[in-house]
Amino acid sequence: MILTLITLKSPQQAPAIGPFQEIARKRYRWYLSQEFTEYAPGVWYTGVKPYHSNIFPFLVMDLHILLRGVTCNVFFGHDLLPYNTFEHERIQLNEPLGHEIEAIRQKVPQSKSHIRFQGFGNRVGIGLNALSTLYVEMLSTLTRVECDVLTQLRDFQYLQYEDPTVTRTFGLQKKVADKLSKSPVAIHHSLRSSKYLLMAETATAMKEMMV
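Fair warning: this is a prediction, and the values are worked out from it, not measured in the lab. (Residues numbered from 1 in each chain as written. Predicted model: local features only at pLDDT ≥ 70, side-chain atom pairs only at ≥ 80, totals over all residues. Heavy atoms only, no water.)

A. Inspection of the side chain of glutamine 21 at higher detail. Turning to its location among the elements, glutamine 21 is positioned in helix α1 (residues 17-28). A residue is classified by how much of its surface remains accessible, and glutamine 21, at 10% relative accessible area, is buried. (Helix = DSSP H or I, 4+ residues; strand = E, 2+ residues; numbered from the N terminus. Buried < 20%, exposed > 50% of the residue type's maximum accessible area, 1.4 Å probe, protein only.)

B. Inspection of the pattern of salt bridges at higher detail. Following the criterion strictly, the structure yields seven salt bridges and no others. In this structure, arginine 25 and glutamate 35 form a salt bridge, with 2.5 Å as the shortest nitrogen-oxygen distance. Pair noted here: arginine 25 is in helix α1 and glutamate 35 is in the loop between α1 and β2 (37-40), with a separation of ten residues, a long-range link. Owing to a relative accessible area of 41%, glutamate 35 belongs among the partly exposed residues under this scheme. Among the salt bridges present, the one from aspartate 62 reaches arginine 154, with a minimum N-O distance of 2.8 Å. A residue pair is termed long-range when its members are at least 10 positions apart, and aspartate 62 in helix α2 (residues 56-66) and arginine 154 in helix α5 (residues 144-161) qualify at 92 residues. Classification of arginine 154 as buried rests on a relative accessible area of 4%. When salt bridges that share partners are traced, they join Arg27, Asp62, Arg154 and Asp155 into one network. (Salt bridge = Lys/Arg side-chain N within 4 Å of Asp/Glu carboxyl O.)

C. Local environment of the packing of α1 against α5. Where α1 meets α5, the axes come as close as 11 Å, and the angle between the chain directions of the two elements is 25°. Viewed along their axes, α1 and α5 adopt a mutual orientation that is roughly parallel. Both α1 and α5 take part in a crossing whose hand is left-handed. Residue-level contacts link Lys26, Arg27 and Tyr28 of α1 to Arg154, Asp155 and Tyr158 of α5. Each residue belonging to the contact of α1 with α5 can be placed in one class, and the counts come to two nonpolar, no polar and four charged. (Axes fitted to C-alpha atoms, helices over the stretch in contact; angles between N-to-C directions. Parallel < 35°, antiparallel > 145°, perpendicular 65-115°, else oblique. Left-handed = near helix turned anticlockwise from the far one by under 90°. Contact = heavy atoms within 4.5 Å. Nonpolar A, V, L, I, M, F, W, Y, C, P; charged D, E, K, R; others polar.)

Rendered as structure tokens:
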């Protein structure tokens, strides 16, 4: 199992995780060992089988689109959890692992959003962490209008393909425009200003490194 941690900057932001839980239930429930479970104020965890690790960049994308402006740190730790035979076996964090989690949290910068991969092998880990720096920079600069557009786009992508790792926009921009009562040109401009294509390509590159 790969330990997955989401940490919001302060406990006061904790209620914001609720809507993300709904997205996780809808798009990612088949990949997660359990729902994101509160570990400490502002910190949630779950586990993911190694062969499902390709969802990570898209999980982070959906989190940042929903929590625009909220500083959030995401950690993916390979081999920190014991291997579980069952796909959805509930994870119990013991005291030694709790100490390790606290040590991990202390190393994460608190002033800005951050993504960190650990235990994926030296070369893969270096590549993932390098790409994640670019990735989180793009996600952290999204505007409210851009997030509104991307929220609808991600909804339509999942409705059409039933796969949260699909980032295609062909045939969907018109649907987004109709849903938001905007012109297709305005939607195109929002996707371009948000650097969505670069964002999607970066997510796909990270996905392919973990396959």
